[in-house]
Amino acid sequence: MIVRNLTGQSTEYTSNVYHVMGEYLQLRDITTLVDVGRDQTVLGELRTIRTGIGKKPVDQIFLTHSHFDHAQLLKEILERYPVPVYAHPESRIPGIIPIRDNQKLRIGDRDCEAIWAGVHSEDSICYFVHDEGILFCGDVPMRIYTNDGIYSHDFLPAFEKICSYEVKTIYPGHGDPIEGNVRHLLEESFKNLKESTFV
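Residues numbered from 1 in each chain as written. Predicted model: local features only at pLDDT ≥ 70, side-chain atom pairs only at ≥ 80, totals over all residues. Heavy atoms only, no water.

Trainee: Explain helix α4 (residues 155–164) to me, using residue names and the numbers behind them.
Mentor: Listed in full, the buried residues belonging to α4 are Phe-155, Ala-158, Phe-159, Ile-162 and Cys-163. Along the axis of α4, the buried residues cluster in a sector spanning 140°; they form a single face. At its buried positions, α4 is contacted by β8 (110–116), β9 (125–129), β10 (134–138), β11 (150–151) and α5 (182–194). (Buried < 20%, exposed > 50% of the residue type's maximum accessible area, 1.4 Å probe, protein only. Helix = DSSP H or I, 4+ residues; strand = E, 2+ residues; numbered from the N terminus. Arc of directions from axis to C-beta. Contact = heavy atoms within 4.5 Å.)

Trainee: I'd like to hear about the pattern of salt bridges, residue by residue, with values.
Mentor: If the charged atoms of two oppositely charged side chains come close together, the side chains can form a pair. Inspection of every chain in the model, using the stated rule, returns 8 salt bridges. Between Arg-4 and Glu-45 there is a salt bridge, with the nearest N and O atoms lying 2.4 Å from each other. Taken as a pair, Arg-4 in strand β1 (residues 2–5) and Glu-45 in helix α1 (residues 41–48) lie far apart in primary sequence, 41 residues in all. Measuring nitrogen to oxygen at the nearest pair gives 3.1 Å for the salt bridge that ties Glu-132 to Arg-110. Linking Glu-132 in the loop between β9 and β10 with Arg-110 in strand β8, this pair joins segments that are 22 residues apart in sequence. Residue classification places Glu-132 among the partly exposed residues on the basis of a relative accessible area of 22%. Arg-110 gets classed as partly exposed once you look at its relative accessible area, which sits at 26%. Because the salt bridges share partners, they merge into one network encompassing Asp-109, Arg-110, Asp-131 and Glu-132. (Salt bridge = Lys/Arg side-chain N within 4 Å of Asp/Glu carboxyl O.)

Trainee: Give me the lowdown on α1, citing residues and values where you can.
Mentor: Listed in full, the buried residues belonging to α1 are Val-42, Leu-43 and Leu-46. Down the axis of α1, the buried set is contained in an arc of 105°. They therefore lie on one face. Turned more than 90 degrees from where α1 packs its buried face, Arg-47 and Thr-48 sit exposed. Of the surrounding elements, those touching the buried residues of α1 are β2 (18–21), β3 (32–34) and α3 (74–80).

Trainee: Any details on the packing of aromatic side chains? Residues and values, ideally.
Mentor: All chains considered together, the criterion is met by 11 aromatic pairs. When the centroid spacing of 5.4 Å and the interplanar angle of 20° are considered together, the rings of Phe-136 and Tyr-171 count as stacked. Of the two residues, Phe-136 sits in strand β10 while Tyr-171 sits in strand β12 (residues 169–172), which places them 35 residues apart along the sequence. In this structure, Phe-136 and Tyr-171 share a single accessibility class: buried. With a centroid separation of 6.2 Å and 10° between ring planes, the pair formed by Phe-159 and Phe-190 is classed as stacked. Of the two residues, Phe-159 is situated in helix α4 and Phe-190 in helix α5; the sequence distance between them amounts to 31 residues. (Phe/Tyr/Trp six-rings, centres within 6.5 Å; stacked < 30°, edge-to-face > 60°.)

And the structure:
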């Protein structure tokens, strides 16, 4: 897959906005935005993307959650590209297509799995692409440095599931991708998480 962060040079406060395409730009690929952010420059970035003959720059949108920094630009994007929007059933965004936990979805030229995270917000979802080892985690914490945090009970099994997968690259909602020593990072985070407080 080809993953590009459309807000990598943004000067606004916004989430990362990941544009995901298939490697060979085939017609059957489903070009996807993971989150839409709040920076108007995303609209210009979408106009410049070359997606192949007969393809739109966006076929669908996945939301990791509905906080303003991840979803504020949705109306403007849908006015230009009226595509389906997938999100957690508890999303505050009207008109979404609800996603089940463990549901399989197509992204670019690959399949991915939706994982309800149970942390950060009631509608947080991670998306894991098994064939590529890619995890889009939104604002779900992957770096857990201490064991004094307070989390919902649902987060522990969700994090344990993520740790059981061959995660190679983590694309977070803010900041740079995590590509080095991912296995060690997840194992240390899970160790701290297990010793944390759950409510």
